[in-house]
Structure formats: C-alpha cells, structure tokens
Amino acid sequence: MAEPIRPSTVLPANRSPFTLKTADGQTLVGEIASPIGNSNGAILCLHPLPTAGGMMDSHLYKKAANRLPAMSNITVVRFNTRGTTSEAGSSTGSFDNGKSERFDVEAMLRYCFDTLKLENVWVTGWSFGTDLALQHAKDSRHKGLILLSPPLRTTTVEQLEYWNTDPRPITALVPELDDYSQPEAARKRFSIVPTMKIVAVDEAKHLWVGEPAVHRVLSEIVSIVSGVPTTLPLEF
C-alpha cells in the first residue's frame, strides 16, 4: 500500500559511501545512492556554501538521495567539497571560495564517468554549488547543468560567456522570494547566455524549505534528466 511522502521518507536504494583523491591531493568523502535496478540517469550534486552550513546532506540533496533512485531510477551522487563536514565525514583541505574547489568538481566528474561508468549525468548545483557548476563543470561527458537558487556570487561575465561556446542545456530554478536573485533579476543577469532556461518558482525561497518546494524541485530534476515532463507522486 502506498504511503505519503514525508520529509523523513527513505525509499529503497543501493547506498555506498566513497572516498577519492583530487589532483591536488585532497580526499573527498561522499555517497552514491543508486536504483535497485537499472539507472536511467544521474545527478552530481554540488552543495550550498559550507561557511553557511552547506554540505552533502543539505536537505534537498538528502531528500533526492532518499527518493529519486526508487521513484525515478536516477542515481544521486553527493559529496563534501574540501573542508566540509557532514554525517558521512569530512573532506580534507580548506574552503577556498570556489577557486581550489575546481579540483573537487573535476575529480568528481572523472569518478562518475571513469569509475562509476554512469551515463546521462547532469551536474546539479544549489546556491554556492551553482557557481561551482558554471565555473568548473566543463567535462565534455556530462549532459548539462541544473542550477537551484543561483546567486551568481562569484561567477564573472567572462565565465558565463563560456556557456555561449558550449551547446549543452542549462536550466535555472529561481525562487520567487529568493534572498539573493529573484526571477526578474536572474533573467537580466543570465541574459548573457540567451539559451539558458529560467524557471520561476512561485512562493519558493532560496533554501526551498517545505515539501511543496521540495516536490517541485525534484519533479523538475526528474523532468530534465528523463527528458519527459514529470510530476512526482505524493505517495509511493
């Protein structure tokens, strides 16, 4: 019998912790949550700002890992950037405001493709993680970017313009009530990349608190990864 999806819901999946080394010698910790059966795609999660409490267990990503493998056959790869701690452990190194984190993003993309042999991988950034995605997720094997609450805190005009030379799709989910960049402002700032899709989400805030916001974000992610418009069920 189906049960309502709640914040605490954990659905069946294969869950495996991992560690890996970056090119500059740091050790990253993370977890893979994969479907019991075949995987139809994957998201690599780049978390919010560590100095403000962001980590691999930030609630949207934890809920994605708890739900999407079973609900949508999507593999969810989460990790802590350098100097970040969660229940899974601590990644070595120190926070570098997105600069040395380039090595973290590049190492994780290599891990997804060379070790895990994942296919149909989408880089998904949230807040600080969107700057990491825009600046450093240039591995030619991923399918595109999904940006959640992009603040454009450190990404420069030149770094944005790179994406005019890269045909892969970018979708940004922008909360109506975001603390840093609301939909109208986001459209103006991202107009440098005219192919980018901006999705305004009514009544949502930067941290996507509440099940309606979580449901909307996860449904949008599944729609992008699967290529089929999807509204996730409220029971499973």
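The rules behind these values
- Residues numbered from 1 in each chain as written.
- Predicted model: local features only at pLDDT ≥ 70, side-chain atom pairs only at ≥ 80, totals over all residues.
- Heavy atoms only, no water.
- Helix = DSSP H or I, 4+ residues; strand = E, 2+ residues; numbered from the N terminus.
- Expected span 1.5 Å × (residues − 1).
- Buried < 20%, exposed > 50% of the residue type's maximum accessible area, 1.4 Å probe, protein only.
- Axes fitted to C-alpha atoms, helices over the stretch in contact; angles between N-to-C directions.
- Parallel < 35°, antiparallel > 145°, perpendicular 65-115°, else oblique.
- Left-handed = near helix turned anticlockwise from the far one by under 90°.
- Contact = heavy atoms within 4.5 Å.
- Nonpolar A, V, L, I, M, F, W, Y, C, P; charged D, E, K, R; others polar.
- Phe/Tyr/Trp six-rings, centres within 6.5 Å; stacked < 30°, edge-to-face > 60°.
- Lys NZ or Arg CZ within 6 Å of the ring centre and 35° of its normal.
- Salt bridge = Lys/Arg side-chain N within 4 Å of Asp/Glu carboxyl O.

Caption draft 1: Spotlight on helix H6 (residues 211-226). The end-to-end C-alpha distance of H6, which contains 16 residues, comes to 22 Å, matching closely the 22 Å that a straight helix rising 1.5 Å per residue would cover. Counting buried residues along H6, 12 of its 16 residues qualify, which places the element largely inside the surrounding structure. Within the sequence span of H6, burial applies to Ala213, Val214, His215, Val217, Leu218, Ser219, Glu220, Ile221, Val222, Ser223, Ile224 and Val225. Residue Gly227 follows H6 closely and has a positive phi angle near 80 degrees.

Caption draft 2: Molecular detail of the packing of helix H1 (residues 59-72) against H6. Two numbers describe how H1 lies on H6: the axes approach to 11 Å, and their chain directions differ by 55 degrees. The angle between the axes of H1 and H6 places the two elements in the oblique class. Crossing of H1 against H6: the hand is right-handed. In this structure, H1 contributes His59, Leu60, Lys63, Ala64, Arg67, Leu68 and Ser72 to the contact, and H6 contributes Glu211, Val214, Val217, Leu218, Ile221 and Val222. Residues that form the contact of H1 with H6 fall into these classes: 8 nonpolar, 2 polar and 3 charged.

Caption draft 3: Structural context of helix H3 (residues 128-136). With 9 of 9 residues buried, H3 is to be regarded as a mostly interior element. Residues of H3 that are buried make contact with strand S3 (41-46), helix H2 (101-115), strand S7 (121-126), strand S8 (144-148), helix H4 (157-161) and strand S9 (170-175).

Caption draft 4: Inspection of the packing of aromatic side chains at higher detail. Applying the stated criterion to the full structure yields 4 aromatic pairs. Plain terms: the ring middles of Tyr162 and Trp163 are 4.9 Å apart, the flat faces sit at 85 degrees to each other, and that makes the pair edge-to-face. Residue classification places Tyr162 among the partly exposed positions, given a relative accessible area of 24%. With a relative accessible area of 2%, Trp163 lands in the buried category. Note that Arg102 overlies the ring of Phe103, its terminal NZ or CZ placed 4.3 Å from the centroid. A cation sits over an aromatic face here: Lys138 above Tyr162, 4.3 Å from the ring centre.

Caption draft 5: Looking closely at the pattern of salt bridges. For the coordinates displayed, the defined rule picks out 12 salt bridges. In this structure, Arg102 and Glu106 form a salt bridge, with 3.5 Å as the shortest nitrogen-oxygen distance. One end of the pair, Arg102, and the other, Glu106, are both in helix H2, 4 residues apart, so they sit about a helical turn from each other. The partly exposed category is assigned to Arg102, whose relative accessible area is 33%. Lys188 serves as the salt-bridge partner of Glu184, at 3.7 Å between the closest nitrogen and oxygen. With Glu184 and Lys188 both in helix H5 (residues 183-189) and 4 residues apart, this pair spans about one turn of that helix. Glu184 sits in the exposed class, given a relative accessible area of 54%.

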